[in-house]
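Coordinates in review
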Amino acid sequence: MDLSYGAEYEAFRAQVRDFIEAHRDQAPKGEGMRSPEALNWQKLLIEHGYAARTIPKAYGGFGAQPDVLISRIIAEEFASAQVSRGLGGQGISMLVPTLLEVGSEEQRQAFIRPTIHGEMIWCQGYSEPGAGSDLASLRTAAVLDGDEWVVNGQKIWTSTAHLADWIFCLVRTEPDAPKHQGISFLLFRMDTPGIEIRPLVDMTGAANFNEVFLTDVRVPKQQIVGARGEGWQVANAILRHERDSLGDPNVMLSRLNALIKLMQSETIDGRRVIDLPAYRDRLMRIQGRVMALGFNDMRILSARINQRDAGLARMVVKLQGTELRHELEQLGIDAMGELGLAYGENPHLRDHGSWQIHYMYYLGLIIGGGTSQIQKNIISERGLGLPREPKAAATA
Amino acid sequence: MDFGLSEEQTLFQDTLNNFLGDQVGLERVRRIASEEESANTVWAELAELGVSALLVPEDHGGVGLEPLDAAIAAECLGHHATPSPFLGSAVMGPTALSLAGGQGERLGRLAAGELRIGAAFGEAIAARAEAGVSAAGGRLNGRALYALDYGADEYLVADASRSLHLVATGDLEHRPLATVDKTRSTGELVFKNSPAILLSDDPAHFQAVLDAGRVMLAADTLGAAQNMLDQAVAYAKEREQFNRPIGSFQAVKHMCAEMAAQLEPCRAMVWYASHALGEVPEEAHLTACHAKAHLAEVGTFVARTATEVHGGMGFTELLGLHYWFKRIGFNRQALGAPELVREEAARAQQLAL
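It should be emphasised that the depicted structure is a prediction, and the values quoted were computed from it without experimental measurement.

Quick notes on the overall build of chain A
Broken down by element type, chain A carries 13 helices and ten strands. Relative to the compact-globule value of 21 Å for 396 residues, chain A shows a C-alpha radius of gyration of 23 Å, a close match. With the C-alpha coordinates aligned to their principal axes, the bounding extent of chain A is approximately 75 × 55 × 45 Å. The proportion of buried residues among the 396 residues of chain A is 36%. Of the contacts made within chain A by residues no fewer than 6 positions apart, 67% connect residues no fewer than 24 positions apart.

Take a look at the structure:
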């Protein structure tokens, strides 16, 4: 057991701290993703290697070798300083790694630099009304007509579609092939004629998602990633990135600290909520679980550094992390009691209503990105080796 | 950075698991549980493997290893539901004697497996109405219930003011107390002006010994729960109903997945909490409390769910699964039930008055 990062890494940590202290005035404070402050900050972060660190210089990145501990130190320092880590979004976190793995040289040249600099915003066109957990049954069709794909169908749960310049989209190009082998991965502009975006208001009241209707959308033939019919493999590489990126223990820990503060400030009949044993015990139970997941994360980190597969420790993170976060937010609401019902414009709102919003938002994350039930299938089949459910047709 | 077990530790774990699997299987556990054989014979064999000497300093004939190594042993013992006086004689005893100082001779005999020390801490943690221990003038009076590792040569006793004493078995009245867990032995100790060696009146020493004991119980639960999960998964692959292995039904496989999802992070937690006992003193108490309480909760869930996966067979004596079920139940209550330990965790952070 060696928990030290080593002198070389601690020196790097000191550099990150110096950078943050010297430049934190320039960091954006909650402006939109296209604000000049956000774009300038992103550029500065890339120049210093704190964003797009491992993206090759040829594509506009910093060009460093991947180093798990370096990434972790950057994340830790920006989180503890509460300074923006730069731009996120599905283009940066999902499309860019995919293009680096399977994109053509032309595609890398065209898309990576503007994407990581925040000049090209992407949305993800995967789920459909009839293809959720069973994503591979998607039906949005693309038919080749001369030098163009003609796309028809409907996508749903499309975050940031209303802000995006481009979409990376799964479409069925081989209708006669088995369902996993008939899918292709297309890239196209969101201002192409035939695209209609309708906001989808979720239970929090926000329109975080959209429905995207595609009618005779014409896409140049070469805007396909990977070969025809290989879209499923491309998509799976991305889904792995998405699942691995959920459940950051730093975020969970700072939220737990906020919960402790809330319970120390809220009172019932003049007594602080934290002084009531029933509430305090729930808090301690949650703290124990947050701790266990934090140590589990250290184990995963260590496995990555030493190039071992963390196995089950990794597979349980999405399931455990989202469920725990939802319960943590719920305790925040319960600590407020009736005040925890406050929503929207209400003079008694605490912490800008973040407990109520997160309580619902994290229910969304329990469902999104592979539902808890899909996670359990993965854990039991790939982690524990239990047999797959027989196909419905085979048992009929 | 390397968060996990070293090669030597993995080797030790494999050696111990192989020994217990080969020599102390379920049939032998049954013999000991029904008192056809004494747990002392197992302890003598474990002492030959060095298990009794893990935490004894090298100067006194021990191996001088870390609490993490002891947690590995505890996990193995839990995995095989092994009856042994490990907690008192290999963890709480040597920890207390090392902190007290001047106990080299006893430490040497502990390391050799020649001395067995039980632990009576219950009254200092949460005294029930019919028990309590007080000390005055080198003598103990009162009653301790559910002293751990009953049948020992001496007992490590914590009194109401959290001082640590050592009392020879010949200087007290005692009788065994039957519990649900036949892989453990507990007893009632009655002190009537019993002469006692005061090991320490420093509450920090009491706390350190208690923290170590709690982490080892958490490690024991980790091993026991992992075994129950492994048995449930194996059974779900093999048992067929409706012409299918029951493990192909989502209702069953999701029970297994939920067990794995809750249990797997516990492994890292036990590693860290035991490592902290020796190496991260400022975090040791809090992580020990949380490891004890969290493993109690997860262990209880796994014990129940793994039994259910086995259906009616899980409920039988025949299968033997109940030994692990009861052992996990024992670990939950011993040295502080989860509610009490979480309250200590809150106090350790000044979150409770």
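A few points about the overall build of chain B
Assigned secondary structure in chain B consists of 13 helices and ten strands. In terms of overall dimensions, chain B has C-alpha extents of about 70 × 45 × 45 Å along its principal axes. Intrachain contacts of chain B at a sequence separation of at least 6 include 75% that bridge at least 24 residues.

Digging into the interface of chain A and chain B
Taken together, the contact pairs 42 residues of chain A with 39 residues of chain B. Within the residue set of the side of chain A that touches chain B, elements represented by two or more residues are helix H8 (277-305), helix H9 (312-315), helix H10 (317-336) and helix H12 (372-383) of chain A. At 16 residues, the largest contribution of residues to the side of chain A that touches chain B is made by H8(A).

Looking at the domain arrangement of chain A
For interface size, the figure often reported is the accessible area lost on association. All names here are of chain A. Domain annotation of chain A identifies domain 1 (7-87), domain 2 (122-228) and domain 3 (246-392). The centre of domain 2, based on its C-alpha atoms, is set 32 Å off from the matching centre of domain 3. With five residues of domain 2 at the contact, the number on the domain 3 side is seven residues.

Side note on the packing of helix H5 (residues 86-100) of chain B against helix H6 (residues 104-111) of chain B
Residue and element names in this part refer to chain B. Two elements in contact, H5 and H6, have axes whose closest approach is 10 Å; the angle formed by their N-to-C orientations is 165°. Relative to H6, the element H5 is oriented roughly antiparallel. Once H5 is placed against H6, the crossing between them reads as left-handed. From H5, Ser89, Gly93, Pro94, Leu97 and Ser98 reach across to H6, where they touch Arg106, Leu107 and Leu110. Of the residues contributing to the contact of H5 with H6, the split by class is four nonpolar, three polar and one charged.

Quick look at the pairing of strand S1 (residues 117-120) of chain B
Residues and elements named next belong to chain B. Residues of S1 alternate between two faces, with Ile117 and Ala119 on one and Gly118 and Ala120 on the opposite face, all of them buried. Pairing between S1 and strand S4 (residues 154-158): four bridges, direction parallel. Residue Ala119 lies in a different strand from S4, and its bridge partner there is Leu156.

Regarding H12(A)
All of the buried residues in H12(A) are A:Gln375, A:Lys376, A:Asn377, A:Ile379, A:Ser380 and A:Gly383. Looking at the buried side of H12(A), the elements it contacts are H9 and H10 of chain A together with helix H9 (250-279) of chain B. Positive phi appears at A:Gly385, one or two residues downstream of H12(A), with a value of about 75°.

Topic: helix H5 (residues 105-116) of chain A
Residue and element names in this part refer to chain A. If you check H5, its first and last C-alpha atoms are 17 Å apart, about what twelve residues at 1.5 Å a residue would give, namely 16 Å. Among the residues of H5, Phe111, Ile112, Thr115 and Ile116 are the ones counted as buried. Axial view of H5: buried residues confined to an arc of 105°, hence all on one face. In this fold, the buried residues of H5 make contact with helix H2 (36-48), helix H4 (90-102) and strand S1 (122-125). After H5 finishes, the residue Gly118 shows a positive phi value of roughly 80°.

Here we look at the pairing of strand S7 (residues 209-220) of chain A
Relative to S7(A), strand S3 (residues 148-156) of chain A runs antiparallel, the two being bridged by eight bridges. Pairing of A:Val150 across the sheet is with A:Arg218, part of S7(A).

Things to note about the domain arrangement of chain B
Residues and elements named next belong to chain B. The domain architecture assigned to chain B consists of domain 1 (7-111), domain 2 (117-201) and domain 3 (204-348). The centre of domain 1, based on its C-alpha atoms, is set 21 Å off from the matching centre of domain 2. Taken together, the 15 residues of domain 1 in the interface contact 14 residues of domain 2. Elements that contribute at least two residues to the side of domain 1 that touches domain 2 include exactly helix H2 (26-33) and H5. Here the side of domain 1 that touches domain 2 gets eight residues from one element, more than from any other, and that element is H5. By residue class, the composition of the side of domain 1 that touches domain 2 is twelve nonpolar, three polar and no charged.

Structural notes on the environment of B:Asn18
Residues and elements named next belong to chain B. Here Asn18 is to be found in helix H1 (residues 7-23). Look at Asn18 and you get exposed, because 11 C-beta atoms sit within 10 Å. Distance from Asn18 to Glu114, taken between C-alpha atoms, is 24 Å for residues 96 residues apart in sequence.

Considering the packing of H10(A) against H12(A)
All names here are of chain A. Orientation of H10 relative to H12, taken along the N-to-C sense of each, is 145°, at an axis distance of 9 Å. The crossing of H10 and H12 is left-handed. Contacts from Lys318, Leu319 and Glu323 of H10 reach H12 at Ser372, Gln375 and Lys376. Here the residues of the contact of H10 with H12 sort into one nonpolar, two polar and three charged.

Examining the environment of A:Leu200
Residue and element names in this part refer to chain A. Residue position: Leu200 is located in strand S6 (residues 195-200). Residue classification places Leu200 among the partly exposed positions, given that 16 C-beta atoms sit within 10 Å. What Leu200 contacts, discounting residues up to four positions off in sequence, is Ala207, Phe209, Asn210 and Glu211.

A look at unusual backbone geometry
Residue and element names in this part refer to chain A. A positive phi angle, near 45°, is found at Ala52, a position not held by glycine. With respect to the helices and strands, Ala52 occurs in the loop between H2 and helix H3 (68-81). For Ala52, a count of 26 C-beta atoms within 10 Å gives the class buried. Backbone geometry at Trp157 places phi at a positive 65°, although glycine is not the residue there.

Some points on the confidence of the model for chain B
The predicted coordinates should not be examined in detail at positions where pLDDT is low. Summarising the model, chain B shows a mean pLDDT of 97, and 100% of its residues fall at 70 or more. Taken over the whole predicted complex, pTM reads 0.94, whereas the ipTM for its chain interfaces reads 0.96.

Examining the environment of A:Ile333
All names here are of chain A. Secondary-structure assignment places Ile333 in helix H10. Judged by the 18 C-beta atoms lying within 10 Å of it, Ile333 is partly exposed. In this structure the C-alpha to C-alpha distance between Ile333 and Gly385, which are 52 residues apart in sequence, comes to 39 Å. The contact partners of Ile333, leaving out residues within four places of it in the chain, are Gly340, Trp355, Gln356 and Tyr359.

The rules we used
- Residues numbered from 1 in each chain as written.
- Chains lettered and ligands numbered in written order.
- Predicted model: local features only at pLDDT ≥ 70, side-chain atom pairs only at ≥ 80, totals over all residues.
- Helix = DSSP H or I, 4+ residues; strand = E, 2+ residues; numbered from the N terminus.
- Rg over C-alpha atoms; globule rule 2.2 N^0.38 Å.
- Buried ≥ 20, exposed ≤ 12 C-beta atoms within 10 Å, placed from the backbone.
- Contact = placed C-beta atoms within 7 Å.
- Domains from an automatic or database assignment.
- Axes fitted to C-alpha atoms, helices over the stretch in contact; angles between N-to-C directions.
- Parallel < 35°, antiparallel > 145°, perpendicular 65-115°, else oblique.
- Left-handed = near helix turned anticlockwise from the far one by under 90°.
- Nonpolar A, V, L, I, M, F, W, Y, C, P; charged D, E, K, R; others polar.
- Pairing = 2+ DSSP bridges.
- Expected span 1.5 Å × (residues − 1).
- Arc of directions from axis to C-beta.
- pLDDT = per-residue confidence, 0-100.

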